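Okay, here's what each chain looks like letter by letter:
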Amino acid sequence: MTTNHCRPGYPPVPQVVQSERLVIRPSARGDAPYLKKWWNDPQVTGPGGNLAGMQYDDEDMEDWFQRYVDGRECSAHFIICLREEDERPIGEFYIASDDRPGCVECALVIGEADLWGSGYGSEALDAYAEALFASGLCEAMRMAMRVDNVPAVRMAHKVGFAVEHVWANGTFQTLFLSQAAFELHRLRQAEVEAGLRH
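Computed from a predicted structure; not experimentally measured. Here, residues in each chain are numbered from 1, in the same order as that chain's written sequence. Predicted model: local features are reported for residues with pLDDT of at least 70 only, side-chain atom pairs are reported and counted for 80 or more only, and whole-chain, interface and lining totals are derived from all residues. Values shown for side chains rest on all heavy atoms present in the structure; no hydrogens or waters enter the calculation.

1. Focus: the overall build of the protein chain
- Helix numbers and strand numbers start at the N terminus; a helix is a DSSP run of H or I with at least 4 residues, a strand a run of E with at least 2. Secondary structure assignment for the protein chain yields six helices and eight strands.
- Ordered by position from the N terminus, the helices and strands of the protein chain form the series β-β-α-α-α-β-β-β-α-β-α-β-β-α.
- To get the radius of gyration, use the C-alpha atoms; to get the globule rule, take the number of residues to the power 0.38 and multiply by 2.2 Å. In terms of overall dimensions, the protein chain is globule-like: its C-alpha atoms have a radius of gyration of 17 Å, near the 16 Å expected for 198 residues.
- A principal-axis box enclosing the C-alpha atoms of the protein chain has dimensions of 55 × 45 × 40 Å.
- Buried, partly exposed and exposed residues are distinguished by accessible area as a fraction of the type maximum, computed with a 1.4 Å probe on protein chains only: under 20%, between the cut-offs, and over 50%, respectively. Scored against the burial criterion, the 198 residues of the protein chain give a buried share of 42%.
- Considering only contacts in the protein chain between residues 6 or more positions apart, those separated by 24 or more positions represent 61%. Residue contacts are counted whenever heavy atoms from the two residues lie within 4.5 Å of one another.

Right, here's the structure in full:
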(Lines give C-alpha, C1' and ligand atoms only; values in the text may rest on other atoms or scores of the structure.)
Protein backbone atom coordinates (compact mmCIF):
# COMPACT_ATOMS: atom_id res chain seq x y z
CA MET A 1 0.00 0.00 0.00
CA THR A 2 1.24 3.47 -0.85
CA THR A 3 -0.09 6.43 1.07
CA ASN A 4 -0.39 10.05 -0.07
CA HIS A 5 1.55 9.76 -3.33
CA CYS A 6 1.53 7.90 -6.63
CA ARG A 7 0.99 4.15 -6.53
CA PRO A 8 3.84 2.55 -8.53
CA GLY A 9 2.66 0.96 -11.74
CA TYR A 10 -0.64 2.83 -11.85
CA PRO A 11 -1.67 6.08 -13.48
CA PRO A 12 -2.58 8.74 -10.92
CA VAL A 13 -6.06 8.94 -9.53
CA PRO A 14 -8.09 11.66 -11.30
CA GLN A 15 -6.32 14.97 -10.72
CA VAL A 16 -9.02 17.47 -11.73
CA VAL A 17 -12.74 16.70 -11.50
CA GLN A 18 -15.63 19.05 -12.22
CA SER A 19 -19.29 18.87 -11.35
CA GLU A 20 -22.12 21.31 -11.90
CA ARG A 21 -21.06 23.56 -9.01
CA LEU A 22 -17.58 22.37 -8.04
CA VAL A 23 -14.00 21.89 -9.15
CA ILE A 24 -11.79 19.39 -7.34
CA ARG A 25 -8.10 20.09 -8.01
CA PRO A 26 -4.73 19.29 -6.42
CA SER A 27 -3.78 21.18 -3.28
CA ALA A 28 -1.30 24.01 -3.70
CA ARG A 29 0.71 26.24 -1.42
CA GLY A 30 -1.85 29.02 -1.81
CA ASP A 31 -4.40 26.83 -0.05
CA ALA A 32 -2.47 26.87 3.23
CA PRO A 33 -4.60 29.59 4.92
CA TYR A 34 -7.79 27.67 4.17
CA LEU A 35 -6.43 24.32 5.34
CA LYS A 36 -4.98 25.82 8.51
CA LYS A 37 -8.31 27.49 9.29
CA TRP A 38 -10.30 24.29 8.72
CA TRP A 39 -7.89 21.99 10.56
CA ASN A 40 -7.80 24.27 13.61
CA ASP A 41 -11.56 24.78 13.80
CA PRO A 42 -13.18 22.36 16.30
CA GLN A 43 -16.52 22.88 14.57
CA VAL A 44 -15.00 21.41 11.39
CA THR A 45 -12.80 18.70 12.90
CA GLY A 46 -15.11 17.73 15.77
CA PRO A 47 -17.51 15.54 13.76
CA GLY A 48 -14.53 13.45 12.69
CA GLY A 49 -13.50 12.95 16.30
CA ASN A 50 -10.89 15.71 16.71
CA LEU A 51 -12.84 17.79 19.20
CA ALA A 52 -10.14 20.40 19.87
CA GLY A 53 -9.02 20.97 16.29
CA MET A 54 -5.59 19.96 15.07
CA GLN A 55 -3.71 23.00 16.44
CA TYR A 56 -1.51 23.44 13.36
CA ASP A 57 0.86 26.41 13.37
CA ASP A 58 2.87 27.78 10.44
CA GLU A 59 5.70 25.32 11.05
CA ASP A 60 3.26 22.41 11.01
CA MET A 61 1.78 23.65 7.75
CA GLU A 62 5.23 23.96 6.19
CA ASP A 63 6.06 20.41 7.24
CA TRP A 64 2.76 19.11 5.87
CA PHE A 65 3.28 20.72 2.46
CA GLN A 66 6.82 19.39 2.25
CA ARG A 67 5.65 15.86 3.05
CA TYR A 68 2.45 15.68 1.01
CA VAL A 69 2.44 18.31 -1.73
CA ASP A 70 5.87 19.61 -2.76
CA GLY A 71 7.52 17.71 -5.60
CA ARG A 72 4.75 15.16 -6.02
CA GLU A 73 4.24 13.82 -9.53
CA CYS A 74 0.59 13.27 -8.72
CA SER A 75 -1.63 14.47 -5.94
CA ALA A 76 -3.64 12.47 -3.45
CA HIS A 77 -4.86 15.57 -1.59
CA PHE A 78 -7.31 17.89 -3.31
CA ILE A 79 -9.14 21.14 -2.70
CA ILE A 80 -12.87 21.39 -3.39
CA CYS A 81 -13.64 24.78 -4.93
CA LEU A 82 -16.78 26.50 -6.03
CA ARG A 83 -17.00 26.51 -9.81
CA GLU A 84 -16.87 30.28 -10.03
CA GLU A 85 -14.41 32.77 -11.45
CA ASP A 86 -12.31 32.91 -8.27
CA GLU A 87 -12.69 29.16 -7.52
CA ARG A 88 -13.18 29.80 -3.82
CA PRO A 89 -11.89 26.84 -1.75
CA ILE A 90 -14.60 25.33 0.44
CA GLY A 91 -13.22 21.95 1.48
CA GLU A 92 -10.75 19.13 1.02
CA PHE A 93 -10.85 15.64 -0.46
CA TYR A 94 -8.05 13.14 -0.15
CA ILE A 95 -7.06 9.60 -0.89
CA ALA A 96 -6.13 8.09 2.48
CA SER A 97 -4.85 4.81 1.02
CA ASP A 98 -4.50 3.40 -2.47
CA ASP A 99 -4.88 -0.35 -2.90
CA ARG A 100 -5.73 -0.34 -6.59
CA PRO A 101 -6.93 -2.13 -8.55
CA GLY A 102 -9.10 -3.16 -5.64
CA CYS A 103 -9.99 -0.07 -3.66
CA VAL A 104 -9.07 3.43 -2.58
CA GLU A 105 -10.00 4.87 0.79
CA CYS A 106 -10.98 8.50 0.77
CA ALA A 107 -12.08 11.26 3.10
CA LEU A 108 -13.88 14.53 2.51
CA VAL A 109 -14.59 17.65 4.56
CA ILE A 110 -16.48 20.80 3.66
CA GLY A 111 -14.45 23.28 5.71
CA GLU A 112 -16.72 26.28 5.30
CA ALA A 113 -19.38 25.60 7.92
CA ASP A 114 -21.72 28.24 6.51
CA LEU A 115 -22.08 26.02 3.42
CA TRP A 116 -23.00 22.84 5.30
CA GLY A 117 -26.33 21.38 4.24
CA SER A 118 -26.01 22.70 0.68
CA GLY A 119 -25.18 19.33 -0.87
CA TYR A 120 -21.58 20.20 -1.75
CA GLY A 121 -20.13 17.18 0.04
CA SER A 122 -22.30 14.63 -1.74
CA GLU A 123 -21.80 16.43 -5.07
CA ALA A 124 -18.02 16.32 -4.68
CA LEU A 125 -18.06 12.67 -3.61
CA ASP A 126 -20.37 11.67 -6.45
CA ALA A 127 -18.27 13.51 -9.04
CA TYR A 128 -15.02 12.00 -7.82
CA ALA A 129 -16.50 8.49 -7.67
CA GLU A 130 -17.73 8.86 -11.25
CA ALA A 131 -14.30 10.01 -12.46
CA LEU A 132 -12.44 7.35 -10.50
CA PHE A 133 -14.60 4.49 -11.77
CA ALA A 134 -14.51 5.86 -15.32
CA SER A 135 -10.71 5.61 -15.20
CA GLY A 136 -11.12 1.82 -15.19
CA LEU A 137 -8.36 1.46 -12.62
CA CYS A 138 -10.37 1.06 -9.44
CA GLU A 139 -13.12 -1.31 -8.39
CA ALA A 140 -14.33 0.28 -5.17
CA MET A 141 -14.10 3.12 -2.64
CA ARG A 142 -14.14 3.10 1.15
CA MET A 143 -14.71 5.80 3.74
CA ALA A 144 -14.28 5.60 7.50
CA MET A 145 -16.32 7.88 9.74
CA ARG A 146 -17.84 8.16 13.18
CA VAL A 147 -21.19 6.42 13.52
CA ASP A 148 -22.65 9.57 15.14
CA ASN A 149 -21.50 11.86 12.30
CA VAL A 150 -25.00 11.88 10.83
CA PRO A 151 -24.39 14.47 8.06
CA ALA A 152 -21.34 12.55 6.76
CA VAL A 153 -23.19 9.22 6.87
CA ARG A 154 -26.12 10.81 5.01
CA MET A 155 -23.70 12.23 2.41
CA ALA A 156 -22.13 8.82 1.77
CA HIS A 157 -25.50 7.04 1.56
CA LYS A 158 -26.71 9.67 -0.91
CA VAL A 159 -23.92 8.60 -3.29
CA GLY A 160 -24.59 4.88 -2.78
CA PHE A 161 -22.15 3.87 -0.04
CA ALA A 162 -23.30 1.16 2.36
CA VAL A 163 -21.98 0.18 5.78
CA GLU A 164 -19.34 -2.53 5.49
CA HIS A 165 -18.52 -2.91 9.18
CA VAL A 166 -18.58 -1.08 12.51
CA TRP A 167 -15.48 -0.96 14.69
CA ALA A 168 -13.83 0.73 17.71
CA ASN A 169 -16.57 -0.47 20.08
CA GLY A 170 -19.29 0.87 17.81
CA THR A 171 -17.79 4.36 17.49
CA PHE A 172 -16.59 4.20 13.85
CA GLN A 173 -17.83 2.54 10.70
CA THR A 174 -16.40 1.78 7.29
CA LEU A 175 -18.63 2.45 4.30
CA PHE A 176 -18.09 0.74 0.95
CA LEU A 177 -19.02 1.59 -2.62
CA SER A 178 -18.31 -0.77 -5.50
CA GLN A 179 -18.42 0.41 -9.08
CA ALA A 180 -21.41 -1.86 -9.73
CA ALA A 181 -23.28 -0.44 -6.72
CA PHE A 182 -22.50 3.11 -7.84
CA GLU A 183 -23.82 2.45 -11.34
CA LEU A 184 -26.98 0.77 -9.96
CA HIS A 185 -27.53 3.69 -7.57
CA ARG A 186 -27.19 6.13 -10.47
CA LEU A 187 -29.68 4.12 -12.52
CA ARG A 188 -32.23 4.08 -9.70
CA GLN A 189 -31.81 7.84 -9.19
CA ALA A 190 -32.50 8.41 -12.89
CA GLU A 191 -35.61 6.23 -12.69
CA VAL A 192 -36.90 8.20 -9.70
CA GLU A 193 -36.28 11.49 -11.50
CA ALA A 194 -38.12 10.15 -14.55
CA GLY A 195 -41.06 9.05 -12.40
CA LEU A 196 -40.44 5.37 -13.06
CA ARG A 197 -39.63 4.53 -9.46
CA HIS A 198 -40.84 5.85 -6.11
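2. Regarding the packing of aromatic side chains
- Each Phe, Tyr or Trp ring (for Trp, its six-membered ring) is paired with any other whose centre lies within 6.5 Å, and the angle between the two planes then decides the class: stacked below 30 degrees, edge-to-face above 60, tilted in between. Summed over all chains, the structure comprises ten aromatic pairs.
- A centroid spacing of 5.0 Å and a plane angle of 70° characterise the contact between W39 and W64, whose relative ring orientation is edge-to-face. Of this pair, W39 sits in helix α1 (residues 32–39) while W64 sits in helix α3 (residues 58–68), placing them 25 residues apart in sequence. Of the two residues examined, W39 and W64, each falls in the buried class.
- Ring geometry for F133 versus F182: centroids 5.6 Å apart, planes at 50°, classification tilted. Here F133, found in helix α4 (residues 120–134), pairs with F182, found in helix α6 (residues 179–193); they are 49 residues apart in sequence, far enough to count as distant. Both residues of the pair, F133 and F182, count as buried.

3. Examining the packing of α4 against helix α5 (residues 150–159)
- Axes here refer to lines fitted to C-alpha atoms; in helices the fit is confined to the stretch in contact. Angles between the N-to-C directions go from 0 to 180 degrees. α5 packs onto α4 with a crossing angle of 40° between their chain directions and a minimal axis gap of 9 Å. Taken together, α4 and α5 sit at an angle that is classed as oblique. At the point where α4 passes α5, the crossing takes the right-handed sense. Residues G121, S122, L125 and D126 of α4 lie in contact with α5, whose contacting residues are M155, A156, K158 and V159. Angle categories: roughly parallel below 35 degrees, roughly antiparallel above 145, roughly perpendicular from 65 to 115, and oblique for all the rest. Crossing handedness: left-handed means the near helix sits turned counterclockwise from the far one by under a right angle, and right-handed means the same turn made clockwise.

4. A closer look at the sheet that holds strand β1 (residues 17–18)
- The sheet built from eight strands is open, its strands ordered β1-β2-β3-β4-β5-β6-β8-β7 with mixed pairing. Both edges of this open sheet fall to β1 and β7 (162–167), since each of them pairs with a single strand only.
- Strand contacts of α4: β1, β2 (22–26), β3 (77–82), β4 (89–99), β5 (103–110), β6 (140–146) and β8 (172–178), with the helix running at about 155° to β5, the strand carrying the most contacts.
- Strands β5, β6, β7 and β8 of the sheet are contacted by α5, whose axis makes an angle of about 160° with β6. By this definition, two strands are paired if DSSP reports at least two bridges between them.

5. Remarks on the nonpolar core
- Counting residues in hydrophobic clusters, the biggest one holds 37 residues, and the most contacted among them are F93, L125 and M141.
- When residues of this core are traced back to their parent elements, those giving at least two are β2, β3, β4, β5, α4, β6, α5 and β8.
- Looking at this core element by element, the count peaks at eight residues for α4.
- The residues contacting L125, other than those within four sequence positions of it, are F93, C106, L108, M141, M143, M155, A156, V159 and F161.
- Judged by nonpolar contacts, the second largest core, of twelve residues, contains W38, M61, W64 and C81. Definition of nonpolar core: a set of buried residues of the types Ala, Val, Leu, Ile, Met, Phe, Trp, Tyr and Cys, connected through side-chain atoms within 4.5 Å.

6. A short note on a nonpolar patch on the surface
- On the surface, V147, V163 and V166 cluster together to form a nonpolar patch covering roughly 220 Å² of accessible area.
- Within the element layout of this structure, V163 appears in strand β7. Patches in this entry comprise residues that are over 30% relatively accessible and not in a salt bridge; like charges within 9 Å are linked, as are nonpolar side chains (Val, Leu, Ile, Met, Phe, Trp, Tyr) within 5 Å. Note on areas: Shrake-Rupley, 1.4 Å probe, and residue coverage restricted to the protein chains presented here. The salt bridge criterion pairs a side-chain nitrogen of Lys or Arg with a carboxyl oxygen of Asp or Glu, the two atoms within 4 Å.

7. Re unusual backbone geometry
- One non-glycine residue with positive phi stands out, namely Q55, at about 60°.
- Within the element layout of this structure, Q55 appears in the loop between α2 (42–45) and α3.
- Backbone geometry at N169 places phi at a positive 55°, although glycine is not the residue there.
- Residue placement: N169 occurs in the loop between β7 and β8.

Functional significance is not addressed by these values, which are geometric in nature.
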